[in-house]
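# Coordinate analysis (summary)
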Amino acid sequence: MAVLKVKFTKTKRDKLAQILWILNWISVVSGIILFSLGLFLKIEIKKRNEVMAKGDINSVPNMLISVGVIACIINFLGGKICYDCSDANKFSRWKLVMLPYIVCTFCFTFCILVGALMCYTMRNELEESLYLGLRDAIKFYKDTDIPGRCFLKKTVDMLQIGFQCCGNNGFRDWFEIQWVSARYLNMASKEVVDRLNSNVDGKFLVDGVPFSCCNPSSPRPCIQYQLTNNSAHYNYDFLTEELNIWVKGCREALLDHYTAIMRSIGITALLIWLFELSVLIGVRYLQTAMKNVLLLGDLEGESDGWLLENSFVETAKYNINIIKNLGKANQISTVSGMNDPNINVQNANCGKINVTTKSIPAAS
């Protein structure tokens, strides 16, 4: 029994073809939107590439870009097919193409759904990439005279100023690394030498942060050094001075930034998927209705259209059997007990046949 069978008159078939022609052109625009969103996300990720570890974080924008290009091609072809389907004679040219086209379009719409869901599932990969990338960027913050790392100080400073954050997880991350270059340390100072000797790795560690961690909204001049020493500053308590420096870590700030972008892209991709799915359903109804009207032979009469010719279970069994039998058509069975039915079968008129020969008359 057909699934969701609908009866179409010639007028309804023509209107459906015209509507689908318009919707396919709108789908071309939606493909351009998907391409643009993927390109935008790729550029946004590339902007912070220096503070991200290498990983699969580009898989989502790459997929959106690919799906967007495919959407433009498929929907452009779909528009041409639907336009020709308003004429039964032109439909005969696409009769054999429409079913493969519908199957390919179904796979394509599934890819849109996967891309939309990936926007919500890549948060963990993005968080790990940001954690490792920011850890290394902060670690090499002081290496302003080393090729390949000299740009990291500016990158981190601009990041902390732009996103109003400090450190990887928080401002205390700067306490655990030497972020002041050795070329700017006064080695003649006893305080500097003592601090270097007090550390096992010989690092100059201070309870201070770079200037880019300072909050310009603070009512007092920014305190960058001896942040945990209340006695070093007048009327100061580091536990309550929240406005002095940024408290949020840059990993959290960047993660919130990209999560908001991907959430918006995911919602847009889901809406496009629903739209593409509705167009696909319409094309399927048009294909079956036009196919049936050709079988009936009455181009002006009514015809049935459906999503599936048989039930879901029967359709699934049929497709599974097709998959199982792929490649078996040209194979000879070698299973024990099974022989070619044409073997050892006598052909008709293959035995000896006694043919009476006429004697040649003797010459007189």
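Residues numbered from 1 in each chain as written. Predicted model: local features only at pLDDT ≥ 70, side-chain atom pairs only at ≥ 80, totals over all residues. Heavy atoms only, no water.

### Examining the state of the cysteines
Our working rule: Any pair of cysteine sulfurs within 2.5 Å is marked as a disulfide. Every helix listed is a DSSP run of H or I at least four residues long, and every strand listed is a run of E at least two residues long, numbered separately from the N terminus.
Scanning the entire structure with this criterion turns up three disulfides. Through a disulfide, cysteine 165 is tied to cysteine 250; the S-S separation comes to 2.1 Å. Here the disulfide of cysteine 165 and cysteine 250 is right-handed, its torsion about the S-S bond being about 85°. On the criterion of sequence distance, the pair formed by cysteine 165 in the loop between helix H5 (152-163) and helix H6 (190-198) and cysteine 250 in helix H7 (residues 250-296) is long-range, its members being 85 residues apart. The residue that forms a disulfide with cysteine 214 is cysteine 222, at a sulfur-sulfur distance of 2.0 Å.

### Some words on the UniProt feature "transmembrane region" (unreviewed entry) in the protein
Just so we agree on the cut-off: UniProt positions are given in the numbering used here, feature names are shortened, and annotations may be inferred rather than shown by experiment.
What UniProt calls "transmembrane region" (unreviewed entry) maps, in this numbering, to residues 20-40, 60-78, 98-120 and 265-286. When the span residues 98-120 is considered, its composition is 100% helix and 0% strand, and the gap between its end C-alpha atoms is 34 Å. When the span residues 265-286 is considered, its composition is 100% helix and 0% strand, and the gap between its end C-alpha atoms is 31 Å.

### Focus: the layout of surface pockets
Taking a probe equal in size to a water molecule and rolling it over the atoms shows the remaining empty space. Basically, it comes down to this: Site definitions follow a grid-based scheme: protein atoms alone, a 1 Å grid, a 1.4 Å probe that fits but cannot get out for cavities, and for pockets an open set with protein on both sides within 12 Å along at least five of seven lines, plus lining residues having an atom within 4 Å of a point. Grid points are joined across faces, edges and corners, and a volume is the space filled by probe spheres set on the points.
Counted as a void, the second largest pocket has a volume near 200 Å³. In this structure, the second largest pocket is lined by Val180, Leu185, Ser189, Glu191, Val192, Arg195, Phe204, Val206, Asp207, Tyr225 and Gln226.

### Looking at the nonpolar core
If you look at soluble globular proteins, the nonpolar side chains tend to sit buried side by side. Counted only if it meets this: As used in this record, nonpolar core signifies buried Ala, Val, Leu, Ile, Met, Phe, Trp, Tyr and Cys residues forming a set joined through side-chain atoms within 4.5 Å. Each residue is placed in one exposure class: buried if its accessible area under a 1.4 Å probe, protein chains only, is under 20% of its type's maximum, exposed if it is over 50%, and partly exposed if it falls in between. Contacts were defined at the residue level, with two residues in contact if any of their heavy atoms lie within 4.5 Å.
Counting residues in each nonpolar core, the largest one holds 79 residues, and the members touching the most others are Leu126, Trp174, Val209, Leu227, Leu254, Val283 and Leu286. Elements supplying a minimum of two residues to this core: helix H1 (10-47), helix H2 (59-84), helix H3 (88-121), helix H4 (123-139), H5, H6 and H7. Counting residues per element, this core draws most heavily on H7, which supplies 18 residues. The residues touching valine 283, leaving out its near neighbours within four places in the chain, are Leu20, Asn24, Cys82, Met98, Tyr101 and Ile102.

### Examining the pattern of salt bridges
Going by this rule: By definition, a salt bridge exists where a carboxyl oxygen of Asp or Glu is found within 4 Å of a side-chain nitrogen of Lys or Arg.
Applying the stated criterion to the full structure yields ten salt bridges. Note that arginine 135 and aspartate 136 form a salt bridge whose closest N and O atoms lie 3.6 Å from each other. Through salt bridges with shared partners, a single ionic network connects Lys142, Asp143 and Arg149.

### Details of the packing of H4 against H7
Test applied: Angles shown run from 0 to 180 degrees and are taken between the N-to-C directions of axes, each axis being a line fitted to C-alpha atoms and, for helices, limited to the stretch in contact. Crossing handedness is read from the near helix: turned anticlockwise from the far helix by less than a right angle, it gives a left-handed crossing, and turned clockwise, a right-handed one.
Here H4 crosses H7 at 145°, and the two axes come no closer than 10 Å. Where H4 crosses over H7, the handedness of that crossing is right-handed. For the pair H4 and H7, contact is made by Arg123, Leu126, Glu127, Leu130, Tyr131 and Leu134 and by Cys250, Arg251, Leu254, Leu255, Tyr258, Thr259 and Met262, respectively.

### A few points about the environment of tyrosine 131
Within the secondary structure layout, tyrosine 131 lies in helix H4. Linking tyrosine 131 and glutamate 252, residues 121 residues apart in sequence, is a C-alpha distance of 9.3 Å.

### With respect to empty space enclosed by the protein
Worth spelling out the cut-off: Amino acids outside the nonpolar list (Ala, Val, Leu, Ile, Met, Phe, Trp, Tyr, Cys, Pro) and the charged list (Asp, Glu, Lys, Arg) are all regarded as polar, and Gly is one of them.
Per the stated rule, a full pass over the model turns up one cavity of 30 Å³ or more. What the largest cavity holds in volume is close to 40 Å³. If you trace the largest cavity, you find it lined by Asn75, Tyr101, Thr105, Glu276, Val279, Leu280 and Val283. Sorting the residues of the lining of the largest cavity by element identifies H3 and H7 as the ones contributing at least two each. At four residues, H7 tops the list of elements feeding residues into the lining of the largest cavity. Taken together, the residues of the lining of the largest cavity sort by class into four nonpolar, two polar and one charged.

### Section: a nonpolar patch on the surface
The condition that has to hold: The residues that make up patches have over 30% relative accessible area and no salt bridge, and they are joined within 9 Å when like-charged or within 5 Å when they are Val, Leu, Ile, Met, Phe, Trp or Tyr. Accessible surface area values rest on a Shrake-Rupley calculation with a 1.4 Å probe, where residue burial reflects the displayed protein chains alone.
On the surface, Trp21, Ile22, Trp25, Ile26, Phe76 and Tyr83 cluster together into a nonpolar patch covering about 630 Å² of accessible area. Counting residues per element, the nonpolar patch draws most heavily on H1, at four residues. Mapped onto the fold, tryptophan 25 is located in helix H1. You can call tryptophan 25 partly exposed: its relative accessible area is 38%.

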